[in-house]
Every structure is written in C-alpha cells, then in structure tokens.
Amino acid sequence: MPVFAKLRKSQNSLVQRPDRMMASTFTDEKNTLHPRMSVISDIPFIDAFIDQTSADHGALEKVVTAIRPQWKGKTITSERFREGICNTVLKCFTQEEEEAIVVRINGNRVKIFPLQCDPDRVEELKVYQVFRSIGVSPPLLGIFRNGICMEYIPGRQYTWFDAYYKSSDDPFIRTNMKELAKYHSNRTSVLAREMGFEESPAVIVQCRFLLDSLGEEVPDGLDRERLQDAIGPNFKDTLEEELSVLINRCTSLNLPLVFCHGDVNPTNIIFNETTDTVAFVDYETAGFNYAAFELARHIYLVTCSIHVDIEDRLPSDEFILEVIRVYLEERQHVDGSIRADGDTIQLWYRHVRTAMLFVFHWQIMFALNWVTNQPMRGVGDEDENTRLVNELYWTTLSRAKHYWKLRHEVLNMTIPKQNVELVRDLPEHDSQDIGLGRCPEI
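Conventions used here
Residues numbered from 1 in each chain as written. Predicted model: local features only at pLDDT ≥ 70, side-chain atom pairs only at ≥ 80, totals over all residues. Heavy atoms only, no water. Core = buried A, V, L, I, M, F, W, Y, C linked by side-chain atoms within 4.5 Å. Buried < 20%, exposed > 50% of the residue type's maximum accessible area, 1.4 Å probe, protein only. Helix = DSSP H or I, 4+ residues; strand = E, 2+ residues; numbered from the N terminus. Contact = heavy atoms within 4.5 Å. Patch = residues over 30% accessible without salt bridge, like charges linked within 9 Å, V, L, I, M, F, W, Y side chains within 5 Å. Areas by Shrake-Rupley, 256 points an atom, 1.4 Å probe, with all protein chains shown as cover. Salt bridge = Lys/Arg side-chain N within 4 Å of Asp/Glu carboxyl O. Lys, Arg positive; Asp, Glu negative; His and termini not counted. Charge placed at Lys NZ, Arg CZ, Asp CG, Glu CD. Expected span 1.5 Å × (residues − 1). Pairing = 2+ DSSP bridges. Axes fitted to C-alpha atoms, helices over the stretch in contact; angles between N-to-C directions. Polar contact = N/O pair within 3.5 Å; in protein donor to acceptor, adjacent residues only side chain to side chain.

1. As for the nonpolar core
Here comes step 1: In this structure, Phe 131, Ile 231, Phe 259, Tyr 290, Ile 324 and Phe 358 are the most contacted members of the largest nonpolar core, which totals 103 residues.
Here comes step 2: By residue number, the principal contributor to this core is helix α11 (residues 342-372), which donates 18 residues.
Here comes step 3: The residues touching Ile 231, leaving out its near neighbours within four places in the chain, are Thr 238, Leu 239, Ile 364, Leu 368, Thr 396, Ala 400 and Trp 404.
Here comes step 4: Ranked by size, the runner-up nonpolar core spans 19 residues in total, among them Ile 46, Val 64, Ile 67 and Val 103.

As structure tokens, this is what we get:
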C-alpha cells in the first residue's frame, strides 16, 4: 500500500468552485473533465489528472488533500477498494482513522471493450445529481479531470459467487428490492426528465449497437455450423428479426419506463450487515429503461449469469413471483400509487418474463460480439484470450438454447381480461406505474 510524501507547495489554488448557476461541464477528446463549470455546482473541481496505470502518488495526494486539507503532512494510505473491469477504485485514509474517502480513476472502456463507447462523464455527473436528490448515491466530495471522489460506504462488497440467492425469502432480496424501488420511484424519473435525459429504453439502444457491431468470422477451432444451428444461418439477420419481435412485444405490453441504475450486478452492491441496508454504486450505464428489464436482469445476474451451463440455475416461477411481490410492495411504500395485489403481481410477472427474454437476447449478442470480433481483443496473453473466446462461444450456445425455449413460452402468454380491466380502472397518472399506460416511443 503506497504512502504519499508531504507536498512541498500550497494547495490553496487547487480547488475551484464553479458558480452556483447550473451549467454543463465539457470534456476534451480524452473524455476528461475541464475545470470550468460543473453540472453539480456545489462540488469542488480539482485540476488534476491521475494516471490509471501507475496511480501516480503525487497526483493522488493532490486530489485527496484538496478534499481533506487536514490530511496535509500526514501519512495517507490507499488500498484497492474494488477492481472493476475498466475503472480503478481506491480507498484512501490516514493512520488516525479519519473518515475515509473513495477515489475512482476513470478507465478506458474502449481499450477493454473495443466495440463499446466510453461513458459520457458529463451525463454521469448529472446522474449523481439525480440520485443524490433522492438520497441513494454516496455523497460526491470532489471531481477531478479523470475521476471523482466520494464518501466511503462501510460494508461488504458482494462477489459474483456469494450473492446468489438461496431461497426467495433470503433477506438479500428485500434489501435489494427496497433500494431498487427508490431508484425506480416517480420522483427519480421526474428529476431525470428535468435534467434532460432521453426517455427511450436503453436496452433497445444497446441491442442495436451490439447488432451493428457483430462480426462475420468465427475463429479457427470453433464450430460455425453449431452456432448457425443454435441461432440461425445468418446471425445478424436472425437477431435483427428477433429484436423487432421483442420491441413489438414490449410495445404491446406497454412496459413502464423508469430511470434505472443500469447495472445492479453483485459487485456493484455494498451490503452493511450492521444496518441491514445496501447501497448501489457505479452509475456509468444509468438511464431510462424498462423497469421490468432491470428487475429481470438483476434476477438473472444473481442466479445464473456467470455460469456457462445454466440449466439447473434458472430461477423458478415461484422465485420470480416472490421477487416481484417484494419489489411491488416496496414501490407501493415509496410511491403510494402502485399496487401490490395478486392481479398486479401476475401482470408484472408477464412483464418480467418478457424482459428476461430481452436479457437473453442481449447476452447472446454481447457474447457473440466477442467471438466474431476476436482479432480486435487484447484482454491478456494469447492463451487467456483464447480461453475467454471459447468460454463465450459456449455461453452463446447455452443462452441461445434457453432463448428459443423462453421465447415460445413468452410469446404464447396472454394477459387475462381481468388484468387489463384492472389497469383501465385506475386513474390516468397511475397507469404507467402498473405497466399498461403510456406507450413509450421506440
């Protein structure tokens, strides 16, 4: 763990507080923030750049002592708090055990995922403003050219393995659903609209991007015919047709759009066992999306996502219904207007099952992108890259098998007449919450 040296010059000029008026930060070609105006007007800007590969101690100390001036001259320790795929996140503290801060150094997503774009860091700051307004985000302490500083959240970060639900009454479900209900609240969506976020389902945008990025070649050693049998003779044509089917299905169901966290996977969940609460972190993919998709993806991520063979790991209907019940109860507590009765739970079950089909479609295209664009990858040495591509090849086959099975079930589901009448009897402003209200523009 590195120890920083005492700075020799004053830090008085480091912190620049922008005007109190709302304005937009702008970025340069490297997607780093400039020290002019911030979309979060009361958060200080520190004019510093921390190299991610070396985590330059001088620049890091410059940032943390600008936020904690009382740390100047003290021994400051940093340790890797969590290691994401792209970003570097450090916990910084002193030997006096003063309140720690978290420094996140933005990574280069394009370097890791050549077919993806770097997150819009200005939009991410706007997300923090939205989530801070509803009291769910860790307080931002400062912004620097290629990262942010936050208050440290005490608790344990889940891993992909220890977050798996053992049963539908696992307390992890209720704590997660309680937090997710806050993110999906009417107030959150209203604030996001006021901040100018586009109201279009993020999953459709992501799927179209992945569809456009699909390659044509399958690496030597992998069976192209087996992929064609699993998906279709022409991968892209088949997946494009299926995307249209899914969009039409979601439109017919009028799945409700809400402002979502975007990536509630286990490693983005901090669980505080003392208070029995959770906090969600990492807002790089936040935006408007189908509420049912975020719910379905969360169920998928904490039950079977990291396994190639998921035959015995798919959640049961009883499990899904219980998660929906808990979620709707929490939404009812947060918003008041949404119902959590049996009919509404059954209606949302159809929403979530449809959204789960979208989850599999997205997963197939994501894995297939890695397989068909293998020459563009460089995640490690040649053996590691080959291992990853092979694993994603088998993941594609597995997800395709379950996609077609689930597709038959989903497209043959019908909405009972009493459920439609239930929604039509509600006041107009409630209809979108239940799921058969305003039809989103696609």
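After presenting the structure, the write-up continues.
2. Thoughts on a negative patch on the surface
Here comes step 1: On the surface, a cluster of negative charge is contributed by Asp 212, Asp 237, Glu 240 and Glu 241.
Here comes step 2: Mapped onto the fold, Glu 241 is located in helix α8 (residues 235-253).

3. Observations concerning helix α3 (residues 121-133)
Residues spaced three or four apart along an α-helix point in a common direction, a consequence of the helix completing one turn every 3.6 residues.
Here comes step 1: Look at α3: 19 Å from first C-alpha to last across 13 residues, which is about the 18 Å you get at 1.5 Å a residue.
Here comes step 2: Counting buried residues along α3, 10 of its 13 residues qualify, which places the element largely inside the surrounding structure.
Here comes step 3: Here the buried face of α3 lies against β5 (101-105), β6 (140-144), β7 (147-151), α4 (171-183), α5 (186-194) and β9 (257-260).

4. Side note on the sheet that holds strand β10 (residues 269-272)
Here comes step 1: Strand order in the open sheet made by the three strands is β8-β10-β11, with antiparallel pairing throughout. Of all strands in the sheet, those bounded by a partner on one side alone are β8 (156-157) and β11 (277-280).
Here comes step 2: Sheet topology places β8 next to β10; two bridges connect them, and they run antiparallel. From the neighbouring strand, Gln 157 faces β10, where its bridge partner is Ile 270.
Here comes step 3: Sheet strands in contact with α4 are β10 and β11, and its direction is about 50° off that of β11.

5. Brief notes about the pattern of salt bridges
Here comes step 1: Taken as a whole, this structure holds 19 salt bridges when the rule is applied.
Here comes step 2: A salt bridge links Arg 68 to Glu 99, with the shortest nitrogen-to-oxygen separation between them at 3.7 Å. Of the two residues, Arg 68 sits in the loop between α1 (57-67) and β3 (76-83) while Glu 99 sits in the loop between β4 (88-94) and β5, which places them 31 residues apart along the sequence.
Here comes step 3: Here Asp 335 ties to Arg 331 by a salt bridge, and the two come within 3.2 Å at their closest N and O atoms. One end of the pair is Asp 335 and the other is Arg 331, both in helix α10 (residues 317-335) and four residues apart, which spans about a single turn.
Here comes step 4: Accessibility expressed as a relative area gives 1% for Arg 331, which makes it buried.
Here comes step 5: When salt bridges that share partners are traced, they join Arg 174, Glu 322, Arg 325, Glu 329 and Glu 330 into one network.

6. A short note on the environment of Thr 65
Here comes step 1: Locating Thr 65 in the fold gives a position in helix α1.
Here comes step 2: Considering only alpha carbons, one finds Thr 65 and Ile 76, 11 residues apart in sequence, at a separation of 9.4 Å.
Here comes step 3: Only 2.6 Å separates the side chain of Thr 65 from the backbone oxygen of Glu 61, close enough to count as a polar contact.

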